[in-house]
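What follows is the residue order along each chain.
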Amino acid sequence: MLDPRFIRENPDLVKKAIQDKGEKTDLDQFFRLDQEWRDLLKKGDAFKHERNQVSKEIALLKKEGKEAEGGIQQMREVSEKIQALDGKIKELEEKRVEILTWIPNIPHPSVPVGGEKETKVIREWGEKGKFDFEPLPHWELGESLGILDFKSASKVAGAHFTTYKGLGARLERSLINFMLNLHTQKHGYIEVFPPFLINRPSMFGTGQLPKLEEDMYHLELDDLFLDPTAECPVTNLHREEILKEEDLPVRYTAYTACFRREAGSYGKETRGLLRVHQFNKVELLQLTFPEKSEETLEKILRDAEEVLKLLKLPYRVVLLPTREMSFASNKTYDIEVWAPGVKKYLEVSSVSNFTDFQARRANIRFRRRRATATEFVHTLNGSGLATPRTYAALLETYQEKDGSVVIPEVLRPYMDGVEKIE
RNA sequence: GGAGAGAUGGCCGAGUCCGGUUGAAGGCGCACGACUCGAAAUCGUGUAUCCCUCACGGGAUCGUGGGUUCGAAUCCCACUCUCUCCGCCA
């Protein structure tokens with residue numbers, strides 16, 4: 001959510017952001033409602049002031065045992081007016097906030113304007129391996145090795161789910177542990193293990209609601225959502241809080257399962273592990289000072305890249321253009337790992353600076369030492385990393401001609417020394 | 001799921017029966033100042049948030065939402081959450 005005052009003062013900037021992000025929010029309607037709301041608010045406050053004054057007088061008179069019927073009569077009328085006004089004010093306020101929640105965050109000036117074509121490659125890392133045989137896609141490798149089983153998963157849950165088996169399950173768990181250890185031990189994050197079910201106010205807080213309701217699994221009976229990304233539960237750990245200066249920056253890393261309906265995203269890129277309804281992800285998240293968020297974005301990006309470097313998986317970093325980034329984001333980098341079997345770069349991480357957008361919705365503030373005013377923190381997060389596509393790239397990159405897969409060295413301690421799956 | 005207790009400012013905690021100068025006593029914490037070579041201790045002062053307004057000022061908020069009333073932290077209703085006990089259960 002943007003600051004209404006900022007919107008009033010920078011209507012053109014906000015309009016441009018709406019346009020650049022491909023949203024359709026009616027800003028003029030917002031201004032009409034906002035003005036009307038403020039006018040009525042002023043009127044209502046004047047009546048309330050009168051009521052408060054006279055009520056005090058009545059209290060005094062009563063205390064002295066005197067008659068106060070005149071004032072009471074007068075206030076009866078005023079109260080009716082207040083009630084009528086309050087009704088209208090509330091209605092306007094709701095409409096106003098409704099529009100407010102549909103205004104996206106403003107993209108950073110460095111973000112290219114436009115759609116997918118404008119995606120900018122920032123850097124590439126690693127040598128794409130040369131194979132003296134035709135590398136297989138991970139689903140073929142996984143099934144022939146007996147470590148990935150899509151059939152049994154579909155029996156249990158449906159299409160686009162996976163069962164990991166044997167050393168395959170072990171490999172998945174190793175990846176998660178490796179990443180968590182890296183981020184907690186080398187990068188200074190505190191590990192958290194949050195709930196996987198999330199309530200409506202929290203989902204609003206991080207900006208998934210109202211826009212993405214259809215993309216999430218929802219438990220109707222309890223009105224809870226299945227965690228689509230650890231960003232949701234972890235950011236909301238601090239919802240409605242005022243942090244102290246010394247609490248910042250807050251750095252969390254969290255493993256969670258992630259659940260996404262992926263409604264409407266059929267087509268290509270859906271085979272094997274490329275697009276699944278349930279996956280594992282280790283997330284990096286920071287709450288920080290407004291003046292620090294830009295450098296923090298770069299830091300989180302590096303922390304996430306480190307995972308691929310250690311796994312020795314070639315990747316590239318891209319800067320998303322305005323239409324590709326999320327509603328709440330100010331600037332987003334994607335990390336894409338090279339998967340030689342499917343011969344594609346696969347998105348394994350999305351690293352975003354949300355500036356104060358989520359903090360305002362979730363009401364996460366901080367106070368500087370010696371300051372009286374509160375400020376909104378800046379929230380940032382990035383996957384560090386999502387496992388399915390990392391797993392896919394790993395199988396495809398480390399495959400041998402005989403269909404076996406070598407375990408990257410950094411993972412071997414987590415695999416009890418297993419060097420190869422065959 | 002059943003029974004009971006509770007939800008008040010950064011924290012603890014009065015006030016709620018008997019509605020009225022209570023945005024809220026007291027304490028802790030924190031900030032500033034005095035004392036001190038410095039510190040501790042002590043003393044003094046200050047210390048919720050949000051909204052409207054250029055400002056003066058005004059309004060709102062005592063878990064959330066309704067209601068009663070001229071007036072609600074205080075009365076009524078619903079809901080949410082926390083704690084204790086019982087039941088059930090991975």
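This section reports on the structure supplied with the text. For clarity, every value in this text was computed on a predicted model and none was experimentally measured.

Attention now moves to the packing of helix 7 (residues 167-185) against helix 10 (residues 293-311). Contact geometry for helix 7 and helix 10: axes closest at 11 Å, N-to-C directions at 125 degrees. With respect to helix 10, the element helix 7 is oriented oblique. Crossing of helix 7 over helix 10 shows right-handed handedness. Where helix 7 abuts helix 10, its residues Leu175, Phe178, Met179, Leu182 and His183 lie against Asp303, Glu306, Val307, Leu310 and Leu311.

Of all residues adjacent to RNA strand B, which total 26 residues, the nearest are Arg38, Arg76, Lys90, Arg365 and Arg367. Among the atoms of RNA strand B lying within 4 Å of the protein, the sugar-phosphate backbone contributes 80%. One of the side-chain N or O atoms of Ser79 is found 2.9 Å from a phosphate oxygen in RNA strand B. Within the side chain of Arg367, a nitrogen or oxygen atom sits 2.2 Å from a phosphate oxygen of RNA strand B.

What follows is about the side chain of Asn105. By the secondary structure assignment, Asn105 is in the loop between helix 4 (69-100) and strand 1 (120-125). At 3.0 Å, the side chain of Asn105 forms a polar contact with the backbone oxygen of Ala328. Separated by 3.1 Å, the side chain of Asn105 and the backbone oxygen of Phe354 make a polar contact. Setting aside its immediate chain neighbours within four residues, Asn105 contacts Leu2, Ala17, Lys21, Phe327, Ala328, Ser329, Asn330, Phe354, Thr355 and Phe357.

Its place among the elements puts Phe196 in the loop between strand 4 (190-192) and strand 5 (197-199). Under the relative-accessibility criterion, Phe196 is labelled partly exposed at 24%. Remark: the alpha-carbon pair of Phe196 and Leu394, spanning 198 residues in sequence, is separated by 27 Å. Those residues in contact with Phe196, other than ones at most four positions away along the chain, are Phe225, Leu226, Asp227, Tyr255, Thr256 and Ala257.

Bringing the pattern of salt bridges into the picture now. Going through the model one piece at a time under the given rule, you end up with 22 salt bridges. Among the ionic pairs, Arg38 bridges to Asp34, the shortest N-O distance being 3.5 Å. In this pair, Arg38 and Asp34 are both assigned in helix 3 (residues 27-63), four residues apart and thus about one turn of the helix distant. Given the relative accessible area of 31%, Arg38 is considered partly exposed. Residue Asp34 is classed as buried on the basis of its relative accessible area of 1%. Here the salt bridges do not stand alone but share partners, grouping Arg8, Asp34, Arg38, Glu93 and Arg96 into one network.

It is worth spelling out the sheet that holds strand 15 (residues 374-376) at this point. The strand order 8-14-15 describes an open sheet built from three strands, whose pairing is mixed. The open sheet has two edge strands with one neighbour each: strand 8 (241-244) and strand 15. Across the sheet, the mean angle separating the axes of adjacent strands is 40 degrees when strand polarity is ignored. Across four bridges, strand 8 lies against strand 14 (residues 364-367) in parallel orientation. From the neighbouring strand, Leu243 faces strand 14, where its bridge partner is Phe366.

Walk down a regular strand and you will see the side chains alternate between the two sheet faces. Buried residues dominate strand 16 (residues 378-386), accounting for nine of its nine residues. Relative to strand 16, strand 10 (residues 278-288) runs antiparallel, the two sharing seven bridges. Its bridge partner being in strand 16, Gln286 is matched across the sheet by Leu380. Bridge count between strand 13 (residues 344-353) and strand 16: three bridges; the pairing is antiparallel. Along strand 16, the bridge assignment pairs Ser352 with Asn381.

Bringing the packing of helix 7 against helix 12 (residues 387-397) into the picture now. For the pair helix 7 and helix 12, interaxial distance at closest approach is 11 Å and the crossing angle is 115 degrees. In this structure, helix 7 crosses over helix 12, and the sense of that crossing is right-handed. Between helix 7, through Gly168, Leu171, Glu172, Leu175, Ile176 and Met179, and helix 12, the contact on the second element is made entirely by Thr387, Thr390, Tyr391, Leu394 and Leu395. Considering only residue class, the contact of helix 7 with helix 12 consists of seven nonpolar, three polar and one charged.

Here Lys21 lies in the loop between helix 2 (11-20) and helix 3. For Lys21, which is buried and forms no salt bridge, the nearest opposite charge comes from Glu23, at a distance of 6.9 Å. Engagement of the side chain of Lys21 in a polar contact is seen with the backbone oxygen of Ser326, the distance being 2.8 Å. With residues up to four places along the chain from it excluded, the contact list for Lys21 reads Pro104, Asn105, Pro107, Thr322, Arg323, Met325, Ser326, Phe327, Ala328 and Ser329.

Parameters at a glance
Residues numbered from 1 in each chain as written. Chains lettered and ligands numbered in written order. Predicted model: local features only at pLDDT ≥ 70, side-chain atom pairs only at ≥ 80, totals over all residues. Heavy atoms only, no water. Axes fitted to C-alpha atoms, helices over the stretch in contact; angles between N-to-C directions. Helix = DSSP H or I, 4+ residues; strand = E, 2+ residues; numbered from the N terminus. Parallel < 35°, antiparallel > 145°, perpendicular 65-115°, else oblique. Left-handed = near helix turned anticlockwise from the far one by under 90°. Contact = heavy atoms within 4.5 Å. Near = heavy atom within 4 Å. Polar contact = N/O pair within 3.5 Å; in protein donor to acceptor, adjacent residues only side chain to side chain. Buried < 20%, exposed > 50% of the residue type's maximum accessible area, 1.4 Å probe, protein only. Salt bridge = Lys/Arg side-chain N within 4 Å of Asp/Glu carboxyl O. Pairing = 2+ DSSP bridges. Nonpolar A, V, L, I, M, F, W, Y, C, P; charged D, E, K, R; others polar. Lys, Arg positive; Asp, Glu negative; His and termini not counted.

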